[in-house]
Structures are given as C-alpha cells and as structure tokens.
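The primary structure of each chain is shown beneath.
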Amino acid sequence: MLKYKNYDIHSITTATPDGRRNANIAMWITQTAMGGKMLCVALDKTDYTLELVKESGILNVNLLAEEQTKLIARLGRKSGRDTDKFKNLACETDERGCPYLTEAVGYVQCQVTGSADSGDHEVVVCEVLKQTVLHPEKKVMTHHFLREKGLVRG
C-alpha cells in the first residue's frame with residue numbers, strides 16, 4: 001500500500017566545522033510537532049550525508065522543484081566521498097556554514113536533537129530553527145512526478 005503514497009522530494013545538505021559538506025536526495029521527511037517545530041528525516045545508513053550530519057549536528061532540508069530533476073542523478077546516485085557535489089551547483093551558505101540550494105522551492109534549517117535506528121535508514125530528529133521560502137511560484141517535485149518521467153522505479 002505504501003507505494004501509492006506521494007512523497008515530496010528533498011535534498012539534505014550539511015557541512016562540518018572543518019569544511020566537509022555533502023548533499024543527497026531524500027523523500028522520507030515528516031513534520032512531527034504542531035507549528036512545524038520538529039522534523040524527522042530518514043537517511044540511508046551508508047550515506048556520507050548521515051556521517052556528516054552526525055558529526056555536525058546540523059542540516060538543511062531543501063524542497064526541490066520539478067525543474068530540478070537533474071539533481072536526482074547528481075546528488076542521489078553518486079557519493080560525496082568521491083566527488084564534489086557542489087561544483088557548479090546553485091547554492092549559498094547560511095549563517096551556520098551549512099549550504100542550501102538557491103533554486104529550490106525553499107529550505108528548512110535544522111538542528112539535530114536525536115536519532116533512531118530504522119532498518120536500512122536512520123531517522124534523524126530535528127528542531128526547526130528557520131524556514132525560508134525562496135521560490136513560491138515553483139511546483140514541488142514529487143515521487144509520482146519522477147515516476148511519470150521515468151526517473152525512478154516503481
């Protein structure tokens with residue numbers, strides 16, 4: 001039944017104090033408190049992003065727009081351990097030193113408060129520090145949209 005759910009597509013961006021940074025693709029994000037004060041983000045346990053998030057305790061949740069489909073391959077199918085995902089990527093850095101994608105619909109600044117094992121993923125619990133809408137006119141990319149375009153399986 002869960003394959004019928006339509007999830008928004010995000011990129012999680014993070015950076016460590018020593019300057020390492022990464023971005024990935026994530027769709028399992030959910031608000032967990034009234035007023036948008038808390039989020040949970042599911043990150044693959046083998047993902048470099050999770051490693052950096054655990055070290056830094058910060059991340060940005062970037063809500064992707066339909067026009068950003070090229071980011072699926074760029075940020076989701078390559079490891080940041082082996083390549084600089086930010087090379088020629090439209091992004092800026094917030095006051096915490098954490099990157100965000102300037103062409104996204106918007107982003108949420110988060111501070112990690114905890115995590116829990118969740119099978120092949122780890123659920124990262126975050127306090128929302130700030131929400132920023134960058135492009136309210138853009139259409140949000142969803143899993144169903146990607147499936148219709150043949151960019152993801154099932």
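The following refers to the structure shown. (Residues numbered from 1 in each chain as written. Predicted model: local features only at pLDDT ≥ 70, side-chain atom pairs only at ≥ 80, totals over all residues. Heavy atoms only, no water.)

**Digging into the side chain of glutamine 68**
- Counting through the fold element by element, glutamine 68 comes out in the loop between strand S5 (58-63) and helix H2 (70-76).
- Glutamine 68 gets classed as buried once you look at its relative accessible area, which sits at 8%.
- There is a polar contact of 2.8 Å between the side chain of glutamine 68 and the backbone nitrogen of alanine 65.
- Those residues within four positions of glutamine 68 in sequence are excluded, and the remaining contacts are Leu63, Glu103, Ala104 and Met141. (Helix = DSSP H or I, 4+ residues; strand = E, 2+ residues; numbered from the N terminus. Buried < 20%, exposed > 50% of the residue type's maximum accessible area, 1.4 Å probe, protein only. Polar contact = N/O pair within 3.5 Å; in protein donor to acceptor, adjacent residues only side chain to side chain. Contact = heavy atoms within 4.5 Å.)

**Focus on the sheet that holds strand S2 (residues 21-26)**
- If you trace the seven strands from one edge of the open sheet to the other, you get S2-S1-S5-S8-S9-S4-S3, paired in antiparallel fashion. The sheet is open, and its two edges are formed by S2 and strand S3 (29-31), each paired on a single side. Ignoring strand direction, the axes of neighbouring strands in this sheet form an average angle of 30 degrees.
- Relative to strand S8 (residues 106-118), S5 runs antiparallel, the two sharing six bridges. Each residue of the ladder has a partner; that of leucine 63, found in S8, is glycine 106. (Pairing = 2+ DSSP bridges. Axes fitted to C-alpha atoms, helices over the stretch in contact; angles between N-to-C directions.)

**Regarding the environment of isoleucine 12**
- Assignment of secondary structure puts isoleucine 12 in strand S1 (residues 10-15).
- Taking the C-alpha atoms as reference points, isoleucine 12 and asparagine 60, separated by 48 residues in sequence, lie 5.7 Å from one another.
- Contacts of isoleucine 12, omitting those with residues within four sequence positions, involve Asn22, Ala23, Asn24, Ala26, Ile29, Val41, Leu43, Thr49, Leu59, Asn60 and Val61.

**With respect to the nonpolar core**
- Ile12, Leu59 and Val61 are the most contacted members of the largest nonpolar core, which has 15 residues in total.
- Put simply, the parts of the chain that give this core at least two residues each are strand S4 (38-44), helix H1 (48-56), S5, S8 and strand S9 (121-133).
- Once you skip the residues sitting within four places of it in the chain, leucine 59 turns out to touch Ile12, Thr13, Thr14, Val53, Arg96, Cys98, Val108, Gln109, Cys110, Val112, Val124 and Cys126.
- The next biggest cluster of nonpolar side chains, apart from the first, holds 13 residues, and it includes Ala23, Leu64, Leu89 and Phe145. (Core = buried A, V, L, I, M, F, W, Y, C linked by side-chain atoms within 4.5 Å.)

**Focus: the pairing of S5**
- In terms of burial, S5 is a largely internal element, five of the six residues being buried.
- As paired elements, S1 and S5 share four bridges and run antiparallel to each other. The partner of histidine 10 across the bridge, within S5, is leucine 63.

**Some remarks on the pattern of salt bridges**
- Summed over the entire model, instances satisfying the criterion amount to eight salt bridges.
- Among the salt bridges present, the one from glutamate 55 reaches arginine 20, with a minimum N-O distance of 2.6 Å. Linking glutamate 55 in helix H1 with arginine 20 in the loop between S1 and S2, this pair joins segments that are 35 residues apart in sequence.
- Look at arginine 20 and you get partly exposed, because its relative accessible area is 26%. (Salt bridge = Lys/Arg side-chain N within 4 Å of Asp/Glu carboxyl O.)

**Notes on the pairing of S8**
- For S8 and S9, the ladder comprises 12 bridges, and the chain directions are antiparallel. Across the sheet, glutamine 111 pairs through a bridge with glutamate 127, a residue of S9.
- Between the antiparallel neighbours S8 and S9 lie two residues, among them glycine 119 with a positive phi of about 75 degrees.

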